[in-house]
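# Summary of structural features
The primary structure of each chain is shown beneath.
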Amino acid sequence: MLTPDRLSGLEPGTAAKDIYEEMTLSKRKHKSANHRQRNPAKVAALAFAAFIAASAISGCGGGGGGGGVAPVPTPTSAPTQSNWSPAKNGFHNSGSFNLTFNTNISASCRWALTDSAYSAMSSNCSGSGTTSQSCSVSGLSDGARVIYLACSGSGGADTATTNTHVPLTIDTVPPAIQITAPDNGSSWFTSQPPSVVSVSYSDDRSGANPADLEVKFTLMERELSITDLFGRDAVANAATSRTDAGNNNPLYRTSVTRFDSTGFDIPDRVWTIDRCGGGSNLRASVTGSDFPVLFWDTLCSYIWAVPAADAEAVKISAPGAVTAAAAAPERNLIFAAVSGSATLRIYNAATGAAAGTVVLPDEPTALSYNPANSRLYIAYDSRLEIGVYSPASGTLLSPIPVSATPIHLRAWPTTAGDVVYTAWNVVYRLFRVGAAGAELAAADIGPQSPRGLALATASNKAFAPRRAEGDVRSVNVSTGAATTISTGSLPSAIFDADSEVVVINAGDETASAINAATGAVTRTVPLSAPASGGARAGGRNFLVEDLWQISSSAELVIEASIRDRAGNLSSASISITVRPETPGAGREAVAATPSRKTE
């Protein structure tokens, strides 16, 4: 029997002692009244139970007789799951795959295709003892299926009523896709290509995903994308899609092609740009040898900027036909002139977003940026001056007076602020003028407008191709001394290439490299596609090509592909023939359009 002495060894709280003493006092009263105690053992047991209950209430485990409340035992529970991949209610294109998920505590997990408890499942997931689980699921056939996941951790294990259900739709059948326009095997003139490309598609289980539709075509071994011309929203294009109804010539695109430094036969990479007119309207521009490289068609309202050697091109939308463009690489800016507008447009080179406008005194026709002094130089349509714009201050500075309206314009890349330009002055001439307008050098370059202007700063020379004469005019921009360099047939474009200048000969589809210092043609190589301009950046040559300037019939292959929501891919292709209206004359037409400036 427990006595107060024995209880004192347990150090019960005050409440426990009070209960014991009260029960002992009651017992004594009963004895003094000669009450017969029938079950003394039961009384002792009741006293001990009262002591234990009171000790729990008074916090006997806390030591020292404190009066706190004992903690409520935590109920057992299995680990919780999250971040399932594939996600619940999603799609998958295979009946065998890894299903991954996370647990809130370290756990061991299992999976099954029947609803059962952790202890009844036999397929273990990897990741035991961690919070990252991976289950190698297999045996699922096409259709709506459920995967059951159960886990065990320090708090307990899942039962059949608490395990996790991951419903999925298994779809292993690719979608159906068909190019419905133009007709397979049809023939078209290069001047009137198909006005629409249309694609239909379907998928019975997970559904074809219009957002994953891709359409491209191949012409002259150049693969060009037209995906951006298609509606790809799930509501309006759930079963079919076609090129933008406002685009009458969706295939009228061409290529910007990158080559190594020595030849133009095997391209390193191809970019797609819009083509709105003939080959003579395609342009390329680069500041020094730095990115971005700009490409555009003077009849289109877009500029395509290649920001780095392997980057995707940035498409810039202008409010009209782009007549000229230039970049300020160190300021991440692109400048554009739009036909019929006396406004300079400024864009962010990285995003293509509009970044400002500048009101000019006349319509700009040529632009050139000088990174050495951070100035943009502007040739005007009918103004005897060259505008000077400072991007840093956002203002027009004092213009440079000139004696003739410039046609081609290049900033001489030094801090002095000189410019080189070509203009009609009795005959076409090449000029170099200083920042204050002083004429530093001039030379005649022929009776017809030259087809471009290239600079070789180290050799102190400028070069202008003469299409009709079949040569290039080289001018010393300090003395005005000029020489003539014979190249290929119909030289129609030219660009700087480090210590060389490269001339594109449209008549025989070749490119000639000229040593800038000596004036010697070091090599003439064939082009793998007709080209209309070029630029050199990052040690490589870029050509803007006009694939539609063909002299004989060519095959054009259109290919479309789409994925369903489970990830299955299908593709379809057709072949059409494109041909020039006058066989043999297509390539001769490159750069044939005269300058907008007239004598």
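For the structure given in this document, a descriptive report is provided here. (Residues numbered from 1 in each chain as written. Predicted model: local features only at pLDDT ≥ 70, side-chain atom pairs only at ≥ 80, totals over all residues. Heavy atoms only, no water.)

### Thoughts on the side chain of S241
Inspection of the secondary structure assignment puts S241 in strand β14 (residues 240-242). What makes S241 buried here is its relative accessible area of 2%. A distance of 2.6 Å separates a polar side-chain atom of S241 from the backbone oxygen of G231. Residue contacts for S241: discarding those within four places in its chain leaves V197, S198, V199, Y201, L213, F230 and G231. (Helix = DSSP H or I, 4+ residues; strand = E, 2+ residues; numbered from the N terminus. Buried < 20%, exposed > 50% of the residue type's maximum accessible area, 1.4 Å probe, protein only. Polar contact = N/O pair within 3.5 Å; in protein donor to acceptor, adjacent residues only side chain to side chain. Contact = heavy atoms within 4.5 Å.)

### Some thoughts on the state of the cysteines
By the definition in use, this model includes three disulfides. Between the sulfur atoms of C109 and its disulfide mate C151 the distance is 2.1 Å. On the S-S bond that ties C109 to C151, the torsion sits near 105 degrees, and the link is right-handed. On the criterion of sequence distance, the pair formed by C109 in strand β3 (residues 97-112) and C151 in strand β6 (residues 143-153) is long-range, its members being 42 residues apart. Per residue, the accessibility class of C109 equals that of C151, and both read buried. Sulfur-sulfur distance for the disulfide between C125 and C135 comes to 2.0 Å. In this structure the cystine formed by C125 and C135 twists about its S-S bond by roughly 95 degrees; its chirality is therefore right-handed. Of the two residues, C125 is situated in the loop between β4 (123-124) and β5 (130-137) and C135 in strand β5; the sequence distance between them amounts to ten residues. In terms of burial, C125 and C135 fall into one category: buried. Disulfide partners in the protein, listed by the sequence order of the bonded cysteines, are 1-4, 2-3, 5-6. (Disulfide = S-S within 2.5 Å.)

### Brief notes about the pattern of salt bridges
Taken as a whole and assessed by the stated rule, the structure comprises 17 salt bridges. Measuring nitrogen to oxygen at the nearest pair gives 4.0 Å for the salt bridge that ties D142 to R205. Highlighted residues: D142 in the loop between β5 and β6 and R205 in the loop between β11 (198-202) and β12 (214-219), separated in sequence by 63 residues. Of the residues examined, R205 reaches a relative accessible area of 44% and is grouped as partly exposed. Between D498 and R536 there is a salt bridge, with its nearest N and O atoms 2.6 Å apart. Taken as a pair, D498 in the loop between β37 (491-497) and β38 (500-505) and R536 in strand β41 (residues 531-537) lie far apart in primary sequence, 38 residues in all. When its relative accessible area of 51% is taken as the criterion, D498 is described as exposed. With relative accessibility at 10%, the residue R536 sits in the buried group. Salt bridges sharing partners connect three or more residues here, namely D228, R253, D274 and K315. (Salt bridge = Lys/Arg side-chain N within 4 Å of Asp/Glu carboxyl O.)

### Side note on the sheet that holds strand β36 (residues 482-486)
Read from one edge of the open sheet, four strands run β33-β34-β35-β36, paired in antiparallel fashion. With one partner strand each, in any of the chains shown, β33 (454-456) and β36 form the two edges of the open sheet. Taken over all neighbouring pairs, the strand axes of this sheet differ in orientation by 25 degrees on average, direction set aside. (Pairing = 2+ DSSP bridges. Axes fitted to C-alpha atoms, helices over the stretch in contact; angles between N-to-C directions.)

### Some thoughts on the pairing of strand β44 (residues 569-579)
Going residue by residue along β44, you find S570, A572, I574, I576 and V578 tucked away on one face and L569, S571, S573, S575, T577 and R579 left uncovered on the opposite face. Taken together, the three bridges between strand β10 (residues 187-189) and β44 define a ladder with parallel strand orientation. Paired with S187 across the two strands is T577, which belongs to β44. Pairing of strand β43 (residues 554-563) with β44 involves ten bridges; the strand directions are antiparallel. Counterpart to V557 in the pairing with β44 is S575.

### As for the nonpolar core
Within the largest apolar cluster, 30 residues are counted, with the highest numbers of intra-cluster contacts made by V199, V215, L219, L251, L556 and I558. The set of elements that each furnish at least two residues to this core consists of β9 (176-181), β11, β12, β43 and β44. With five residues, the top contributor of residues to this core is β43. With sequence-adjacent residues up to four places away left out, V215 is seen in contact with V197, V199, S225, I226, T227, F230, I558, E559 and A560. (Core = buried A, V, L, I, M, F, W, Y, C linked by side-chain atoms within 4.5 Å.)

### A look at the sheet that holds β12
Strands in a sheet are paired, the pairing made by backbone hydrogen bonds, and the direction either parallel or antiparallel. One open sheet accounts for five strands, arranged β10-β44-β43-β12-β13; its pairing is mixed. Every other strand in the sheet has two partners, leaving β10 and β13 (222-225) as the edge strands with one partner each. Here the strands of the sheet are splayed against their neighbours by 30 degrees on average, with no regard to which way each runs.

### With respect to the environment of C125
Residue C125 is classed as buried on the basis of its relative accessible area of 7%. Along the chain, C125 and S136 lie eleven residues apart, while their C-alpha atoms are 6.9 Å from each other. Residues in contact with C125, not counting those within four places in the same chain, are C109, R110, W111, S134 and C135.

### Brief notes about the environment of P580
The residue P580 is located in the segment after β44 in this model. What makes P580 buried here is its relative accessible area of 9%. A C-alpha to C-alpha distance of 5.6 Å links P580 and F189, two positions 391 residues apart in sequence. Those residues within four positions of P580 in sequence are excluded, and the remaining contacts are F189, T190, I550, S551, S552 and S553.

### Remarks on the packing of aromatic side chains
The full count for this structure, using the stated rule, is eight aromatic pairs. Judged by centre distance (5.8 Å) and plane angle (35 degrees), the ring pair of W271 and F542 falls under tilted. Taken as a pair, W271 in strand β16 (residues 269-274) and F542 in strand β42 (residues 540-545) lie far apart in primary sequence, 271 residues in all. Judged by its relative accessible area of 3%, W271 falls in the buried class. Relative accessible area serves as the criterion here: at 0%, F542 is assigned to the buried category. For the ring pair Y421 and F431, a centre distance of 5.0 Å and an interplane angle of 20 degrees mean the geometry is stacked. Linking Y421 in strand β30 (residues 419-425) with F431 in strand β31 (residues 427-433), this pair joins segments that are ten residues apart in sequence. Across the pair, exposure class does not vary: Y421 and F431 are buried alike. Put simply, the rings of W271, F291 and F542 pair up and form one aromatic cluster. The ring of W84 carries the charged tip of K88 above its face, separated from the ring centre by 4.1 Å. (Phe/Tyr/Trp six-rings, centres within 6.5 Å; stacked < 30°, edge-to-face > 60°. Lys NZ or Arg CZ within 6 Å of the ring centre and 35° of its normal.)

By themselves these figures say nothing about function.
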